[in-house]
Amino acid sequence: MNILIIGGGGREHVITKYIARNPKATKIYALPGNAGISQFAECVNISAEDINGMISFAQSHAIDFAIVAPDDPLALGAVDRLEEIGIKCFGPSQKAAQIESSKVFAKDLMRKHNIPTAKYEVFTDIDAALSYVAISDCPIVIKADGLAKGKGVTVAENFQQAREAIMSCMKAKTFGKSGERIIIEECLTGPEVTVLAFTDGKTIVPMISSMDHKRAYDGNKGPNTGGMGVIAPNPYYTPQIADECMKRIFLPTIAAMNEEGHKFKGCLYFGLMLTKDGPKVIEYNCRFGDPEAEAVLPLMESDLLEVMLAVSDERLCGYGATPLSASRVPPTLGGMSSAVRQEGVKFRKGASCCVVCASSGYPGHYLTGYPIDFGDADDMAGVEIFHAGTKSEGGKILTAGGRVLAVNAVGDDAESSRALAYEAVSRISFEGMRYRSDIGAN
Ligand code: AMP
Ligand code: GLY
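Residues numbered from 1 in each chain as written. Chains lettered and ligands numbered in written order. Predicted model: local features only at pLDDT ≥ 70, side-chain atom pairs only at ≥ 80, totals over all residues. Heavy atoms only, no water.

We now examine the site of ligand 2. Taken together, D212, G226, Y269, N285, R287, G289, D290, P291 and E292 make up the full set of residues near ligand 2. E292 is positioned such that a nitrogen or oxygen atom in its side chain is 2.8 Å from a nitrogen atom of ligand 2. Summarising the interface, the protein chains cover 89% of the accessible area of ligand 2, which totals 200 Å² for the free molecule. Looking at the shell around ligand 2, its residues break down into 2 nonpolar, 3 polar and 4 charged. (Near = heavy atom within 4 Å. Polar contact = N/O pair within 3.5 Å; in protein donor to acceptor, adjacent residues only side chain to side chain. Areas by Shrake-Rupley, 256 points an atom, 1.4 Å probe, with all protein chains shown as cover. Nonpolar A, V, L, I, M, F, W, Y, C, P; charged D, E, K, R; others polar.)

Listed below in structure tokens is the structure:
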């Protein structure tokens, strides 16, 4: 089977590594890939957002299966275009990807289908938005509607900050078209949980929960980033909460997408907050989280490629469980999903801790091109080093991004995985390397 992986970060590295274990994967190409991915795949210098380039490459290389991992190509309709030329894909259609690419779409979906989320209003007019925050309580949350590389959300502590966020989106157009429409929403409090779930639009199989650490510095200080580290499972996510999420959030979301005519197939990311009024959705993403994937997939025992193929063929419920009718998702699906989880998609006991090594200055300006010294970290049992932003040059591996490496360790429990991950990180170095020292500590 010729497989095409779209993307070139840590998430694509872990996916490629695990896909490569399946003997069906006779040839893997990555667009554009990175130095780590090149161990398992032929990396081709076509950007993940170059949809025309991707299509002609796929046509001329007899691709059998494509995995579209990042948000941008999904929002640009990569899956629709690949399917048009007969290529089977893992990932949602452009319409289904709106669940991430338009926060207004996601919020309206939740309101219409009674899925718990923060109260909100939508604005396209600056004055109306400013008048609204002037009479609202702070903190209050301002969100650009469209994709903004994880930077489109401001939790404003006071009116001044809210005003600045509105002006930055709508007047200065910091996020371009993405900020022409904004959401202003109620600020929720509580622990945050990420749940990644496989879904084929008929059933849903949640993976082990995780906790991202989005702020740049220790103690959850500093600007938001793509994610500085992850622990899995999330210590706040009890089996009772998981059951509640299945009934009130996961299944209703899949049913809602079907009802809207946008069946979601792929990995659906639920960004949740556990509030005193129960779990609520902070955001959906239409793909694996990064670095959540680097922590969660190492705990998965089932074969990733087989599960992805089952998602694509809409036989996830047959993957270890009884098939069910393809029509509207029945309310009994909760029980069905547990069956799939136990018999079909298996996760090992234990925990992961993933620490991101970033370039000095990230998420602001940073320099690249520095050689990476991995020490003997690569040889440590239980440790996997995923390349987030690297390139090979003259036999050396150089830094090539803001987030450079995602160092994951699997242990019997959270504490041992954490100790192992930090031991590995201490053996790695590059000019300006920076990481949070409190991943999983709180
Ligand atoms: P998002 O890109 O929507 O995940 O937002 C980024 C971060 O902003 C989230 O991980 C939360 O920490 C925070 N956030 C977003 N929406 C809210 C909200 N309604 N209340 C409190 N914090 C929020
Ligand atoms: N780590 C957060 C995200 O992938 O959106």
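This next bit is on the packing of helix 7 (residues 126-134) against helix 8 (residues 159-170). The N-to-C vectors of helix 7 and helix 8 enclose an angle of 165°; their axes lie 10 Å apart at closest approach. In this view, helix 7 runs roughly antiparallel relative to helix 8, as classed from their interaxial angle. Relative to helix 8, helix 7 is oriented so that their crossing is right-handed. The residues of helix 8 that touch helix 7, namely those facing I126, A129, L130, V133 and A134, are F159, A162, R163, I166, M167 and M170. Classifying every residue of the contact of helix 7 with helix 8 by side-chain character gives 10 nonpolar, no polar and 1 charged. (Axes fitted to C-alpha atoms, helices over the stretch in contact; angles between N-to-C directions. Helix = DSSP H or I, 4+ residues; strand = E, 2+ residues; numbered from the N terminus. Parallel < 35°, antiparallel > 145°, perpendicular 65-115°, else oblique. Left-handed = near helix turned anticlockwise from the far one by under 90°. Contact = heavy atoms within 4.5 Å.)

In the vicinity of ligand 1, 14 residues are found, and the nearest of them are E185, E186, L188, E192 and E283. A distance of 3.0 Å is found between a nitrogen atom of ligand 1 and a side-chain nitrogen or oxygen belonging to K143. Between E186 and ligand 1, the recorded distance is 2.9 Å, taken from a backbone N or O atom to a nitrogen atom. For the shell around ligand 1, the residue count by class is 7 nonpolar, no polar and 7 charged.

Below, the discussion takes up the confidence of the model for the chain. Per-residue confidence for the chain averages 93 on the pLDDT scale, and 94% of its residues sit at or above 70. Counted against residues more than four places away or in other chains, residues 320-342, with its pLDDT under 50, gives 45 contacts. (pLDDT = per-residue confidence, 0-100.)

On to helix 13 (residues 414-426). The first and last C-alpha atoms of helix 13 sit 18 Å apart over 13 residues, in line with the 18 Å expected at 1.5 Å per residue. Restricting attention to buried positions, one finds in helix 13 the residues S417, R418, A421, Y422, A424 and V425. Angular distribution of buried residues about the axis of helix 13 spans 155°; they occupy a single face of the element. Relative to its buried face, helix 13 has exposed residues pointing more than 90 degrees away, namely E415 and S426. Where helix 13 is buried, its residues meet strand 18 (351-358), strand 19 (383-387) and strand 22 (403-411). (Expected span 1.5 Å × (residues − 1). Buried < 20%, exposed > 50% of the residue type's maximum accessible area, 1.4 Å probe, protein only. Arc of directions from axis to C-beta.)

Further remarks concern the nonpolar core. Taken as a class, soluble globular proteins show a tendency for nonpolar side chains to be buried jointly. Formed by 51 residues in total, the largest nonpolar core has its most connected members in L4, L82, I99, F250, F270, L272 and Y284. A total of 9 residues in this core trace back to one element, the largest contributor, which is helix 9 (residues 239-259). Those residues in contact with Y284 that sit more than four places away from it in its chain are I99, E100, A106, M110, I115, T253, L268, Y269 and F270. One finds V14, F65, F198 and L299 within the second-largest nonpolar core, a separate group that totals 46 residues. (Core = buried A, V, L, I, M, F, W, Y, C linked by side-chain atoms within 4.5 Å.)

This part takes up the environment of G77. Secondary-structure assignment places G77 in the loop between helix 3 (71-75) and helix 4 (78-84). Taking the relative accessible area as the measure of exposure, G77 reaches 3% and is therefore buried.

Sheet analysis places strand 13 (residues 215-217) next to strand 14 (residues 221-224), joined by 2 bridges and oriented antiparallel. Directly across from R215, in strand 14, lies its bridge partner N224. What sits between the antiparallel neighbours strand 13 and strand 14 is a turn of 3 residues, in which G219 has the positive phi angle 75°. (Pairing = 2+ DSSP bridges.)

The bulk of non-glycine residues show a negative phi, and the bulk of peptide bonds are trans. Residues L31 and P32 are joined by a peptide bond in cis, for which omega reads -5°. With respect to the element layout, P32 can be found in strand 2 (residues 27-32). Note that the residue after Y362, namely P363, is joined by a cis bond; omega there is 10°. With respect to the element layout, P363 can be found in the loop between strand 18 and strand 19. A positive phi angle, close to 55°, is found at N114, a residue other than glycine. One non-glycine residue with positive phi stands out, namely E314, at about 55°. In this fold, E314 is placed in the loop between helix 11 (304-312) and helix 12 (333-343).

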